[in-house]
Each structure stands twice: as structure tokens, then as C-alpha cells.
Amino acid sequence: MIKINPLIKNIAPDDLRQVCSFTTRNDRLGELTTSTRIYNDGFNRLITEIRNPMGKRLGHEIFSIDKEHQTMYGFYIEVEPEYRSSYMKGYRFGEIMRLSSIITMLENNIRQFDILSKNTAVYFHSRYKFIPNIIGFDDRNNMLKSIVQNGGDFVIDLTKRAIELLERISKNPQATEQRAMVGETNTIAKDYIARVLEKHEEKKHPFIGTVDMQLTAENITENRDFFNTLFQRHGIDYLIK
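Residues numbered from 1 in each chain as written. Predicted model: local features only at pLDDT ≥ 70, side-chain atom pairs only at ≥ 80, totals over all residues. Heavy atoms only, no water.

Asker: Even after reading the chapter, I still don't get the sheet that holds strand β1 (residues 7-12), so can you show me in this structure?
Answerer: Within a sheet, neighbouring strands are paired by backbone hydrogen bonds and run either parallel or antiparallel to one another. Strand order in the open sheet formed by 9 strands is β1-β2-β3-β4-β5-β6-β7-β9-β8, and the pairing between neighbours is mixed. Two strands in the sheet have a free side with no partner beyond their single neighbour: β1 and β8 (131-132). Sheet topology note: the β1/strand β2 (residues 15-26) ladder contains 5 bridges and is antiparallel. Looking at β2, one finds that lysine 9 is bridged to valine 19. (Pairing = 2+ DSSP bridges. Helix = DSSP H or I, 4+ residues; strand = E, 2+ residues; numbered from the N terminus.)

Asker: Explain the packing of aromatic side chains to me, please; I cannot follow it from the model alone.
Answerer: Both the distance between ring centres and the angle between the ring planes are used here to describe each pair of aromatic rings. For the coordinates displayed, the defined rule picks out 10 aromatic pairs. Measuring from centroid to centroid gives 6.4 Å for tyrosine 128 and phenylalanine 226, while their planes differ by 45°, and the two rings are tilted. Of the two residues, tyrosine 128 is situated in the loop between α2 (122-127) and β8 and phenylalanine 226 in helix α7 (residues 224-233); the sequence distance between them amounts to 98 residues. On the numbers, 5.1 Å between centres and 70° between planes, the contact of phenylalanine 226 with phenylalanine 227 is edge-to-face. Taken together, the ring pairs in this structure connect Phe124, Tyr128, Phe226 and Phe227 into an aromatic cluster. The ring centre of phenylalanine 75 lies 4.6 Å from the NZ or CZ of arginine 45, which sits over that ring. (Phe/Tyr/Trp six-rings, centres within 6.5 Å; stacked < 30°, edge-to-face > 60°. Lys NZ or Arg CZ within 6 Å of the ring centre and 35° of its normal.)

Asker: Quick question: what am I supposed to make of helix α5 (residues 175-199) here?
Answerer: An α-helical turn contains 3.6 residues, so a residue and the one three or four places further along point in the same direction. Compared with the 36 Å implied by 1.5 Å per residue over 25 residues, the 36 Å span of α5 between its first and last C-alpha is a close match. Among the residues making up α5, those that are buried are Gln178, Met181, Val182, Thr185, Asn186, Ile188, Ala189, Tyr192, Ile193, Val196 and Leu197. On its buried side, α5 packs onto α2, β8, α3 (137-150) and α4 (156-170). (Expected span 1.5 Å × (residues − 1). Buried < 20%, exposed > 50% of the residue type's maximum accessible area, 1.4 Å probe, protein only. Contact = heavy atoms within 4.5 Å.)

The following block contains the structure:
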């Protein structure tokens, strides 16, 4: 029998959505299975789960695929509570689920993967090339306030830009300018997150509220070497060309 890792197939005979399943090896937990199935919640969503050899779930992600608009939407990603402690770090369950979603994106010709990140998960998603995609004015303001409040010499230029933007916003400009400042905020936030990650100072730079984020197919292709290295690390026979 030929073992294919990952195995890519339609979610159901009459459903054109492509999903993948694969195995990874963990030194302490043995062979783990990652697979996707229909999530029976009445919304036609999907769920990806990582399970150990006894079938115990270790992590899961709930998402949907909109093939018509070439978009995926992520609703929830979680590693089970007992595997979140510092003692349990290094299992990389979140990373494995993210690799599964990237394969799913590419196999379904998805252009973008949109998520609403918890404030505590922004840096996690950023490590896998998601960038801020803030839309709402309140969310824009919260991001700017986060940058100003956190401070730091290595982001002082970005802090100044955030202060200037907040001052302009306080003057209640026209809607077109308000929307333009959302775009400016996303640019500032992307640079800010990159610098914080480079300094490994995530705990000193938290965020206020949730953050809309997006991963694009273009971004995946641009970072193919990064992702291909991760596939290789986990023994997943998948290559982004």
C-alpha cells in the first residue's frame, strides 16, 4: 500500500472543496493524524483536528471555504488546554494546523484567508505570514493606541506615526480620509509586529481588542522557502513551487 502524505481529496463525493490529511511524528506522543471533516454546525463549515494514536484530540481549527469568491474564513483555532503550558511547548500543534490550512488554500485556488485574531494570538498568526487587515475605525484606533501605549526605542518612529494619526483622527475628518487612515494603520501595524517579533518582545507589546488579519496566496508564494522548510520539518511531502 502506498502511503500518501498528505492525502488530498474532495470533502465529500458531491462537494468540490478539497481537503488534506497527513501524519506527523512526535517524539513523545507518537504518530499524530491531522485531518479535516465537515463541521456539523449547520453553517457548512469545516474542522481540522490533530489526534494522537488513541484518537484524543490535541487541537482544532474551524473555518469555511468560499470557492466562488476564492476566500477562506477562519473562525477559531485552539490547542487543547493541557498542551498550552510552558512544559508542553514545542509540540507545534498550531503550526501543524496552519500548514494544513495553507495546503487547503492552495489546493482550492484560494486568494486570501481572513481571520479575526484574538489579541493574544496576533503574533502567532504573524509568524505564519498573516498581516493586519483592519477594516473598522474602532479597531484602527485600538491598534494605534496599543502601539503608543507599549512604546519601545526600537519602534519610536512607528509610535510617532501612530500619535500623529490619532491626532488627525481626533479632528473627525471626512469618511474618505478616515478610510485612508485605516490603510495607513495597517502598514504601521505590519512593521510594528515585524520589529517586535525580531526582538522577541511579544509579551511587552500586547494589543487592545481583536485584530482582523489576512494571509494571501501571493504572500505564501513569496515565502515559499519558509513554508517548505516547515513542511520538511514535519515530514509532510508537500512543496510550494
